[in-house]
Amino acid sequence: MTGNNEHTSTRLQQQLAFVREVDGLKHVLRRTWLLDGSRLENDAEHSWHLALMGLLLPEYATEEIDVLRVMKMVVIHDLVEIDAGDTYAYDSAGRVTQAERERRAADRLFALLPADQGRQVRALWEEFEARETAEARYAAALDCFQPMMHNYFTEGRAWIQHGITADQVMARCRPIADGAPGLWQYAQQLIADAVTRGYLAPPR
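Reading guide: rules and limits
Residues numbered from 1 in each chain as written. Predicted model: local features only at pLDDT ≥ 70, side-chain atom pairs only at ≥ 80, totals over all residues. Heavy atoms only, no water. Helix = DSSP H or I, 4+ residues; strand = E, 2+ residues; numbered from the N terminus. Rg over C-alpha atoms; globule rule 2.2 N^0.38 Å. Buried < 20%, exposed > 50% of the residue type's maximum accessible area, 1.4 Å probe, protein only. Contact = heavy atoms within 4.5 Å. Lys, Arg positive; Asp, Glu negative; His and termini not counted. Charge placed at Lys NZ, Arg CZ, Asp CG, Glu CD. Pairing = 2+ DSSP bridges. Axes fitted to C-alpha atoms, helices over the stretch in contact; angles between N-to-C directions. Parallel < 35°, antiparallel > 145°, perpendicular 65-115°, else oblique. Disulfide = S-S within 2.5 Å. Polar contact = N/O pair within 3.5 Å; in protein donor to acceptor, adjacent residues only side chain to side chain.

### Examining the overall build of the protein chain
The number of helices and strands found in the protein chain is 11 helices and 2 strands. In the protein chain, the succession of α and β elements from N to C terminus is α-β-β-α-α-α-α-α-α-α-α-α-α. Taking 2.2 N^0.38 as the reference for a compact globule, 204 residues should give roughly 17 Å; the C-alpha atoms of the protein chain span a radius of gyration of 18 Å, in line with that estimate. Along the three orthogonal principal directions, the C-alpha set of the protein chain runs to about 70 × 35 × 30 Å. Looking at the 204 residues of the protein chain, the share that counts as buried comes to 45%. Long-range pairs, those at least 24 residues apart, make up 69% of the contacts in the protein chain with a sequence separation of at least 6. Computed over 22 positive and 30 negative side-chain charges, the separation of the two mean positions in the protein chain equals 3 Å.

Written out as structure tokens, the structure reads:
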């Protein structure tokens, strides 16, 4: 019985060490403004928003999906940014090193968990990155759609700040079509209207 208690205690310590470590996600700022324009969104808020969208919008996915798996994926997918930082979607230089920075972060962070849970979480993170399953493509679609929606409804504030053009946004948002074609039509309408309203620079 003593051995069992020791095992449970060690396991719980590992789990809570991970829980404490990932609190750091709340400090990773994105380039996306909150819809009221008061401040920038952080990664934890972004992940929560995606989880809620994943629960509400599966009817727009390409096929029937496991919603719980999607929710797990989206709350895990940005944890690596605690170490790697948020790479801005339109930062071409930053994206060159992004995969390696995030892989090293995954190695460190997921190793904090008990081995079985570490493998499970790592597998979900890798599934999201690979985009080979319907769930991963739907999750990736939401990950593209959410900041685009924020940019539109904050009158293009971040787009204007960074000099982003409509063709850049179209290219960045293309995964929406693969994972949630029902949302892609709406996204295209928002992008076109953003150009008309001056929120977004026309294609170059």
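### With respect to the pairing of strand β1 (residues 29–33)
Bridge count for β1 against strand β2 (residues 40–42) is 2 bridges, and the pairing is antiparallel. When the bridges of β2 are listed, Trp33 appears paired with Leu40. The turn joining β1 and β2, which pair antiparallel and follow one another in sequence, is formed by 6 residues; a positive phi near 75° is taken by Gly37.

### Digging into the packing of helix α3 (residues 67–76) against helix α6 (residues 115–130)
Contact pair α3 / α6: the axes reach a minimum separation of 9 Å and the direction vectors enclose 90°. With respect to each other, α3 and α6 are oriented roughly perpendicular. Contact residues: α3 offers Arg69, Lys72, Met73 and Ile76, while α6 offers Val121, Leu124, Trp125, Glu127 and Phe128.

### Some thoughts on the state of the cysteines
Applying the stated rule across the entire model yields 0 disulfides. Not part of a disulfide, Cys144 finds its nearest cysteine sulfur in Cys173, a span of 5.7 Å. With relative accessibility at 2%, the residue Cys173 sits in the buried group.

### Notes on the environment of His49
As for its placement among the helices and strands, His49 is situated in helix α2 (residues 43–56). Residues His49 and Val67, spaced 18 residues apart in sequence, show a C-alpha to C-alpha distance of 14 Å. Apart from the residues lying within four places of it in its own chain, the contact partners of His49 are Gln146 and His150.

### Section: the side chain of Thr154
Here Thr154 shows up in the loop between α7 (134–153) and α8 (157–162). A polar atom in the side chain of Thr154 sits 3.3 Å from the backbone oxygen of Asn151. Those residues in contact with Thr154, other than ones at most four positions away along the chain, are Trp33, Leu34 and Leu35.

### Description of unusual backbone geometry
One non-glycine residue, Arg131, lies in positive phi territory at about 55°. We classify Arg131 as partly exposed; its relative accessible area is 34%. Although it is not a glycine, Glu155 adopts a positive phi angle of roughly 55°. Residue Glu155 is classed as exposed on the basis of its relative accessible area, which comes to 52%.

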